[in-house]
Amino acid sequence: MTRFAALAFPLAAQLASCASAPTEQTRGNPALSPREPAAAEVPKPAARAPSPLVRVAAPDKLPANLVIDGNVAEWGSLLPPPPAGRPPSADPNPRDAPSHLAFALTKDGAFVAADLAELSKDGIWLAFGFPPSAPAPSGGVEAHEARFERMFRLDKRGLFQVNEGGALVPVPGSVASMAFTARGMTIEARIPVAAYPRASAAPIPDVLVRAIAASTPTPPKASGDDRIRVAAPEPVAFEPHVDLRAAVYRQNLAERRPFGLSYSPAAPDLLETARHPGKDTSSVVTSEHPLYVPERKFGEVEIGYSNAVVPSIAVFKGGEFVDLVDIGDIGEEPMGIVERNKQIHVFSYSQTDTLDTAGTQAGWSVLAVGEDGSVSYPFNGETGVGRWEKVYEIHSEKFDWFGMRGVPREYADEETPRAIEILWRFDKQFGGYMPTTRPLTTLPAPRPKPKKKP
């Protein structure tokens, strides 16, 4: 053995004994593994299923100089897409829906801007409408209410409407444009007024909208309260006679509250009322009435007749609406209109159709419209007669006189009722019509009334 080998052997043994001996840091503690184990992997969340939900909102106003070109940037934010992996809210109009739509109802059309993704990326079903006031649903009522909502399909082919037979048909006068994006598609469209459903308010303050992915070839059924109320940028009204139509609605809803008072925005001068035929609430009968029928013009003042539910006289001056006067309590329609005393005088007569134990009510009224459009009632109706056993009206062709003939239930101090005649004539000093009464020996038979022209 060489000298170097003899020295190396004891040195190696000494180093081995040092390595196996515990140090102050490891004495009494388990020794560390020379290799750390790998950290446990966190499982990835399951991918969220594509959503059909569409968030619906109303812009405060339409974009200036709006161009229907599929670029929705001019509408501002339509809300960002939801965070990845987060399920959409259960809210019927969830802010975190993957698709977003702005809907603006105006008198010139309905404007739509949409950013569509996930199940809506190829198009959506879009419905909007105005709910009528109606009783509990039934077969006939549901068919009536269906006219107050329109369903459309908006996709890369354009805008289509669902007709009464359930088929998709093009919408005349509509404009639609789209652009493809990494998420799906953006769409802009204009729906013309002619495609609006029936309206149940005047003016229209808001609209009910529902939108969902067009993932089925047929439109979805309404499920619960899935309609979103969207305010119009400003109340929507249609010419002509905007103010008169609003006054008719205020008057009818305040006094009679009819169900089904409505009009088509494409033909706003025709008002429709609805009713149940008798006690049959399973069906609906509708009637159509002109909003306004002009009758007489005097200088700048014009008056006409409006009869939706409450018979009324409409007053205009210089083409501007002034007033709507209810004549429903005194007659279903004017008996005559003449110019007298620098005014337009409208004559109305009212009579109950049946005789009850208290007797028949009957009476005349005169409404006068002045050159300034003001309304007055130049008529003294005090006759001393409350109820009649029998009665009928009489008048001259020019309404120089008018009145009633009949047998009153009670008159003055007479114990035995007898036939009388009450006539009104214009009194210049009074500035109106004053009555005179005379007894009749017998009650003449009333003259047959001329038939109304069809």
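Residues numbered from 1 in each chain as written. Predicted model: local features only at pLDDT ≥ 70, side-chain atom pairs only at ≥ 80, totals over all residues. Heavy atoms only, no water.

## Considerations on the sheet that holds strand E16 (residues 301-307)
Moving on, step 1. Strand order across the open sheet formed by four strands is E15-E16-E17-E18, with antiparallel pairing between neighbours. Two strands close off the open sheet at either side, each with one partner strand: strand E15 (293-298) and strand E18 (320-326). In this sheet, neighbouring strand axes are inclined to one another by 25° on average, regardless of whether the strands run parallel or antiparallel.
Moving on, step 2. Relative to strand E17 (residues 311-317), E16 runs antiparallel, the two being bridged by seven bridges. Across the sheet, the residue bridging to Ser306 is Ser312, located in E17. (Pairing = 2+ DSSP bridges. Helix = DSSP H or I, 4+ residues; strand = E, 2+ residues; numbered from the N terminus. Axes fitted to C-alpha atoms, helices over the stretch in contact; angles between N-to-C directions.)

## Some words on empty space enclosed by the protein
Moving on, step 1. A complete count under the given rule lists one cavity of 30 Å³ or more for this structure.
Moving on, step 2. Contributing to the lining of the largest cavity are Ala202, Pro203, Val236, Ala237, Phe238, Val242, Arg245, Ala246 and Tyr263.
Moving on, step 3. When grouped by side-chain class, the residues that make up the lining of the largest cavity number eight nonpolar, no polar and one charged. (1 Å grid on protein atoms, 1.4 Å probe; cavity = no way out; pocket = protein on both sides within 12 Å on 5 of 7 lines; lining within 4 Å. Points joined across faces, edges and corners; volume = space filled by probe spheres on them. Nonpolar A, V, L, I, M, F, W, Y, C, P; charged D, E, K, R; others polar.)

## Side note on unusual backbone geometry
The phi angle of most residues is negative, glycine excepted, and most peptide bonds adopt the trans form.
Moving on, step 1. A cis amide bond, omega -5°, links Ala202 with the succeeding residue Pro203.
Moving on, step 2. Inspection of the secondary structure puts Pro203 in the loop between strand E9 (184-191) and strand E10 (204-213).
Moving on, step 3. In this structure, Pro240 follows Glu239 across a cis peptide bond, with omega equal to 0°.

## Here we look at the layout of surface pockets
Moving on, step 1. Computed from the structure, the second largest pocket encloses a volume of approximately 1,000 Å³.
Moving on, step 2. Forming the boundary of the second largest pocket are 30 residues, of which Glu145, Ala146, Arg147, Glu149 and Arg150 lie nearest the centre.
Moving on, step 3. The set of elements that each furnish at least two residues to the lining of the second largest pocket consists of helix H2 (139-145), strand E5 (149-155), strand E6 (158-162) and E10.
Moving on, step 4. A breakdown of the residues in the lining of the second largest pocket according to their chemical character gives 15 nonpolar, five polar and ten charged.

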